Amino acid sequence: MVTDLRTFLEELDGIGDLKRVNGAGLEYEIGCIAETAFHRRGPALLFDEIPGYPHGFRVASNLASTRQRSLMAIGADPDTPEADAMRAWKARWNSYRGIPPRVVDASPLLENALIGEDADLNRIPVPVWHELDGGPYIGSGVAVILKDPDTGFVNLGSYRLQVHDGKTTGLFCEPANDGSAILRKYWDKGQACPVAVSVGPEPVVFLTASGSTGCPPGVPEYEYVGFLCNEAVDVIEGRMTGLPISAGSEIAFEGEVPPPEAESRREGPFGEWTGYYMITSVPEPVIRVSALYFRNDPILFGAPPFKPHRESYAFSLPMRSMTGLWSRLEKDGLPVTRVTDLVKMGAVVVSVDQKTPDDVPRIIRALQESRAPCRINILVDDDVNPEDPIEVFWALGTRLDAGEGVHRSTVQSAWRLDPLRTAEEREIREPIPYRRLILNGCRPFERMKEFSPVNRFSKERREATWEKWRLGDWLQGGR
Ligand SMILES: Cc1cc2nc3c(=O)[nH]c(=O)nc-3n(C[C@H](O)[C@H](O)[C@H](O)COP(=O)(O)O)c2cc1C
């Protein structure tokens, strides 16, 4: 079985990486505790005894916010070092073979099935996650399930969902996402789009729906989860829509999304993973809820974004764009050894093992044309640790020619959450120009041999000395 949320929490508990908090309120205690734990690299959190709700109606948070927890969630060894995890990940990514989901009849999710009038989202405790949020958000740790009406392709995505009332949520889906393309197919015919939402799916399903496990475009997310777990995901068919809902879900609801001209509501603001609130007055589509399901003692999966820090793994495994960018550069025969997002969607570092004088110029050209939304791209030689901002800035401060080494390009981007967009630009759903900077922090190829040697002992001598003098007995942090 693909590990469900409560089994995952038990596993975390077993290794002392889960903190239970009783009695915290939905406004704003749960959110503030979750944010503080996130910034202090604290444990996963499980809130119970939530005022106004029965004992056992719980909220979990901070679940995939460290590398260890993210790796555990996808069934990988949590102690794998960062660089190895990325390499192993990419190798796996390139050997994709999907396993379709398996339809089953029974699921604990059906222990409580509230259909039609009885479906009331207020039965579920939903926190207001950030101080300036426009309301409670049931959608953060979710998989929103949509089916292409022409091809039957089933898409999963994580889109934020604000609870407007017991029967209505908002739906904020970026225009470039696959989910938006499916919604538009229905709306163009004046029809409402059927939808199912798993709130608290199996963690690997959430990570895949949210683009955090590198599911390539055009690949159905359930099949990708099957590939990751080496077994089919069990799904039940929703009673109202027939859409496949993962059977291990804690909570789920079904409904439809009317065309925005027929019904839209203002939603937000919501604290974003860019580290800002997007303040906009644009009405967004809504989900009209027709059925609610939950397990006994349900657990809401909260994955609210917080202002990122260096080890922000909330959506932690390589983002699709980064894995895709790396593979594209490699396919072009470019000697790229790592692609790392130093700041999510903000700064990407490309490590280069220069072999010819053309390598760096070719990589720069490829980055100029790349569609990955990222404002700053930095090239470094592979003697620099791309994970360490100080090392990256050391390389820039000592190897960047601030004339010839600085490049710019303009691409088209539909990324509405871009904090640099003006209030008017946030209302535009079509792609608009997006400018990016490329900084060449590599040593000039023609001077590689004579370039000043780096003032550090060689790796071999350091390792031998470490062993002989047993430096690990009194020094932290490894050799
Ligand atoms: C915690 C979290 C919240 C997210 N919230 C949103 C959101 O509100 N709207 C959105 O369009 N994408 C959001 N994303 C990103 C999408 O889920 C991601 O791009 C996904 O790959 C989209 O899937 P699709 O292209 O199949 O529709 C979020 C990602 C994470 C990790």
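What you see is a predicted model, and the numbers here were worked out from it, not measured in a lab.

## Here's the deal with the pattern of salt bridges
Move 1: In this structure the tally under the stated criterion is 24 salt bridges.
Move 2: The shortest N-O distance in the salt bridge between Arg69 and Asp17 comes to 2.9 Å. Of this pair, Arg69 sits in helix 3 (residues 67-73) while Asp17 sits in the loop between helix 1 (5-14) and strand 1 (18-22), and the two are 52 residues apart along the sequence. Here Arg69 matches Asp17 in class, with each residue buried.
Move 3: The partner of Arg470 in a salt bridge is Asp473, and the shortest N-O contact between them spans 3.1 Å.
Move 4: Linked through salt bridges whose partners overlap, the residues forming this network are Asp4, Arg6, Glu250 and Arg295.

## A look at the nonpolar core
Move 1: Among the nonpolar cores identified, the biggest contains 47 residues, and Leu9, Leu63, Ile145, Val205, Tyr222 and Tyr224 are the most heavily contacted of them.
Move 2: When residues no more than four places from it in sequence are discounted, the contact partners of Tyr222 are Ile99, Pro101, Ile145, Val154, Leu156, Val205, Val233, Val235, Pro244, Ile245 and Ser246.
Move 3: If you look at the next biggest cluster of nonpolar residues, it comprises 46 residues, including Ile124, Val199, Val289 and Phe294.

## Describing the site of the ligand
Move 1: Near the ligand there are 19 residues, and of these Ser158, Tyr159, Arg160, Glu174 and Asn177 occur at the shortest range.
Move 2: A distance of 3.2 Å is found between an oxygen atom of the ligand and a side-chain nitrogen or oxygen belonging to Glu221.
Move 3: For the ligand, whose free accessible area comes to 650 Å², the fraction covered by protein is 91%.
Move 4: At the level of elements, strand 8 (154-157) and helix 5 (178-188) are the ones that each hand at least two residues to the shell around the ligand.
Move 5: Take the shell around the ligand: its biggest share by element is 3 residues, from strand 8.
Move 6: In terms of residue class, the shell around the ligand is built from 7 nonpolar, 7 polar and 5 charged.

## Examining the packing of aromatic side chains
Move 1: Under the defined criterion, the tally for this structure stands at 7 aromatic pairs.
Move 2: Both rings, one in Phe38 and one in Phe306, keep their centres 5.5 Å apart while their planes meet at 40 degrees; by these two values the pair is tilted. With Phe38 in helix 2 (residues 29-39) and Phe306 in the loop between strand 17 (299-301) and helix 8 (320-331), this pair connects stretches of sequence that are 268 residues apart. Each member of the pair, Phe38 as well as Phe306, carries the same accessibility label: buried.
Move 3: Every member of this aromatic cluster is reached through a ring pair, and the members are Tyr96, Tyr224 and Phe227.
Move 4: The lysine or arginine in question, Arg160, covers the ring of Phe172, its NZ or CZ lying 4.4 Å from the ring centre.

## Focus on the sheet that holds strand 13 (residues 244-246)
Move 1: Spatially, the 3 strands line up as an open sheet ordered 4-12-13, and their pairing is mixed. At either margin of the open sheet sits one strand with a lone partner, and together these are strand 4 (102-103) and strand 13.
Move 2: Across 3 bridges, strand 12 (residues 234-237) lies against strand 13 in antiparallel orientation. Note on strand 13: the bridge partner recorded for Ile236 is Ile245.

Calculation criteria
Residues numbered from 1 in each chain as written. Predicted model: local features only at pLDDT ≥ 70, side-chain atom pairs only at ≥ 80, totals over all residues. Heavy atoms only, no water. Salt bridge = Lys/Arg side-chain N within 4 Å of Asp/Glu carboxyl O. Helix = DSSP H or I, 4+ residues; strand = E, 2+ residues; numbered from the N terminus. Buried < 20%, exposed > 50% of the residue type's maximum accessible area, 1.4 Å probe, protein only. Core = buried A, V, L, I, M, F, W, Y, C linked by side-chain atoms within 4.5 Å. Contact = heavy atoms within 4.5 Å. Near = heavy atom within 4 Å. Polar contact = N/O pair within 3.5 Å; in protein donor to acceptor, adjacent residues only side chain to side chain. Areas by Shrake-Rupley, 256 points an atom, 1.4 Å probe, with all protein chains shown as cover. Nonpolar A, V, L, I, M, F, W, Y, C, P; charged D, E, K, R; others polar. Phe/Tyr/Trp six-rings, centres within 6.5 Å; stacked < 30°, edge-to-face > 60°. Lys NZ or Arg CZ within 6 Å of the ring centre and 35° of its normal. Pairing = 2+ DSSP bridges.

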